[in-house]
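Single-letter residue listing:
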Amino acid sequence: MLFGYYYGFDLTYLVLVLPCVIFAIIASARVNSTFKRYSQQLSQRRLSGAQAAEHVLRANGVYDVKIERVSGNLTDHYDPRTNVIRLSDSVHDSTSVAAIGVACHEAGHAVQYAHHYGPIKLRAAIIPITSIGSKLAMPLILLGILFSFGETVSYGFVYAGIACFALSLVFQLVTLPVEFNASHRALHAINGIGLLTPEEQKGAKKTLSAAAMTYVAATAVALAQLLRLLLIFGRRNND
């Protein structure tokens, strides 16, 4: 058979999941290499990442968001709970093309919240549910396996676990438009305000495109894992 265990190999993992995992590894390596490359290219205006993010906020009429430094590399994020943009050491004070692209992307998230962008509100609303679901998924599936003696109740546990796991895929799917839109807002502001020259904008765009692919890869992995679970336990239930 095509899927399942064959001479000790889990073909469902090899065929469905492993290619997506390799894709995710490549995407992660690419975002790091792209960021490193364009971190060497300093912008002509010599604006820091924090200053660039501030410009994007002001251009969109957002004045109540704080910008702080956070330790680490590429740990940049916007925290809607405290209304703070946190920029990493390699972005906050850097005047590089890559830093400005990343900083403006995070400012894009703050603008999304300020302008009540639907997908980001939806993502925030489902985070508690998806978080609980991701924690319960594997324990429920394991319980189903432990109690699998042909009784239907065991498959109740399994399918409940799969349903919980599916919530992680829902979160990834909602995240995609949020991330792409934040990058679009960032590049639009960079061009409109003139934060970077047209040539420098190419570097910022490549940096953000590489980062976006990590979210595409995460979605692909989640989808492949879900399909694998459905194939494995769907087939067993029919045997």
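Look up a bit, the structure's there.
Residues numbered from 1 in each chain as written. Predicted model: local features only at pLDDT ≥ 70, side-chain atom pairs only at ≥ 80, totals over all residues. Heavy atoms only, no water.

1. So, the overall build of the protein chain
Argument step 1. Looking only at helices and strands, one finds 7 helices and 5 strands in the protein chain.
Argument step 2. Counted from the first residue to the last, the protein chain has its helices and strands arranged as β-β-α-α-β-β-β-α-α-α-α-α.
Argument step 3. In the protein chain, once contacts between residues fewer than 6 apart in sequence are set aside, the share between residues at least 24 apart is 71%.
Argument step 4. Accessible area for the protein chain stands at about 12,300 Å²; split by element, carbon and sulfur atoms hold 64% of it. (Helix = DSSP H or I, 4+ residues; strand = E, 2+ residues; numbered from the N terminus. Contact = heavy atoms within 4.5 Å. Areas by Shrake-Rupley, 256 points an atom, 1.4 Å probe, with all protein chains shown as cover.)

2. Let's talk about the environment of Tyr-63
Argument step 1. Along the polypeptide, Tyr-63 turns up in the loop between α2 (49-59) and β3 (66-70).
Argument step 2. As a C-alpha pair, Tyr-63 and Ala-114 span 51 residues in sequence and 9.8 Å in three-dimensional space.

3. Structural notes on the packing of α2 against helix α4 (residues 97-114)
Argument step 1. Contact geometry of α2 with α4 gives a least axis separation of 8 Å together with a crossing angle of 35°. Handedness of the crossing formed by α2 with α4: right-handed. In this structure, α2 contributes Gly-49, Ala-52, Ala-53, Val-56 and Leu-57 to the contact, and α4 contributes Ala-99, Ile-100, Ala-103, Cys-104, Ala-107, Ala-110 and Val-111.
Argument step 2. When grouped by side-chain class, the residues that make up the contact of α2 with α4 number 11 nonpolar, 1 polar and no charged. (Axes fitted to C-alpha atoms, helices over the stretch in contact; angles between N-to-C directions. Left-handed = near helix turned anticlockwise from the far one by under 90°. Nonpolar A, V, L, I, M, F, W, Y, C, P; charged D, E, K, R; others polar.)

4. Digging into unusual backbone geometry
Argument step 1. Of note, Leu-74 is a non-glycine position whose phi angle comes to about 55°, a positive value.
Argument step 2. Within the fold, Leu-74 resides in the loop between β3 and β4 (77-79).

5. Concerning the pairing of strand β5 (residues 84-88)
Argument step 1. The buried fraction of β5 amounts to 5 of the 5 residues, a majority that puts the element mostly inside the structure.
Argument step 2. Where burial is concerned, the two faces of β5 agree: the one with Val-84, Arg-86 and Ser-88 and the one with Ile-85 and Leu-87 are both buried.
Argument step 3. One ladder, built from 3 bridges, connects β4 with β5; its direction is antiparallel. Across the sheet, the residue bridging to Asp-79 is Val-84, located in β5. (Buried < 20%, exposed > 50% of the residue type's maximum accessible area, 1.4 Å probe, protein only. Pairing = 2+ DSSP bridges.)

6. Re the layout of surface pockets
Argument step 1. What the largest pocket holds in volume is close to 700 Å³.
Argument step 2. Of all the secondary-structure elements, those providing two or more residues to the lining of the largest pocket are α1 (11-39), β4, α4, α5 (118-146), α6 (152-193) and α7 (198-238).
Argument step 3. The element that contributes the greatest number of residues to the lining of the largest pocket is α7, accounting for 6 residues.
Argument step 4. Broken down by class, the residue content of the lining of the largest pocket amounts to 16 nonpolar, 9 polar and 5 charged. (1 Å grid on protein atoms, 1.4 Å probe; cavity = no way out; pocket = protein on both sides within 12 Å on 5 of 7 lines; lining within 4 Å. Points joined across faces, edges and corners; volume = space filled by probe spheres on them.)

7. Description of the sheet that holds β5
Argument step 1. The sheet built from 3 strands is open, its strands ordered β3-β5-β4 with mixed pairing. Edge positions in the open sheet fall to β3 and β4, since each of these has one partner strand only. With strand direction ignored, the average angle separating the axes of adjacent strands in the sheet is 30°.
Argument step 2. Packing against the sheet, α2 makes contact with β3 and β5, and its axis sits at approximately 155° to β3.

8. Observations concerning the nonpolar core
Argument step 1. In terms of nonpolar packing, the biggest core is built from 36 residues, with Leu-57, Ile-85 and Cys-104 touching the most fellow members.
Argument step 2. Elements represented by at least two residues in this core include exactly α1, α2, β5, α4, α6 and α7.
Argument step 3. Beyond its immediate sequence surroundings of up to four residues, Leu-57 is in contact with Val-62, Val-65, Ile-67, Ile-85, Ala-107, Ala-110 and Val-111.
Argument step 4. Core analysis: the second largest hydrophobic core is formed by 9 residues, Ile-162, Phe-165, Leu-169 and Ile-232 among them. (Core = buried A, V, L, I, M, F, W, Y, C linked by side-chain atoms within 4.5 Å.)

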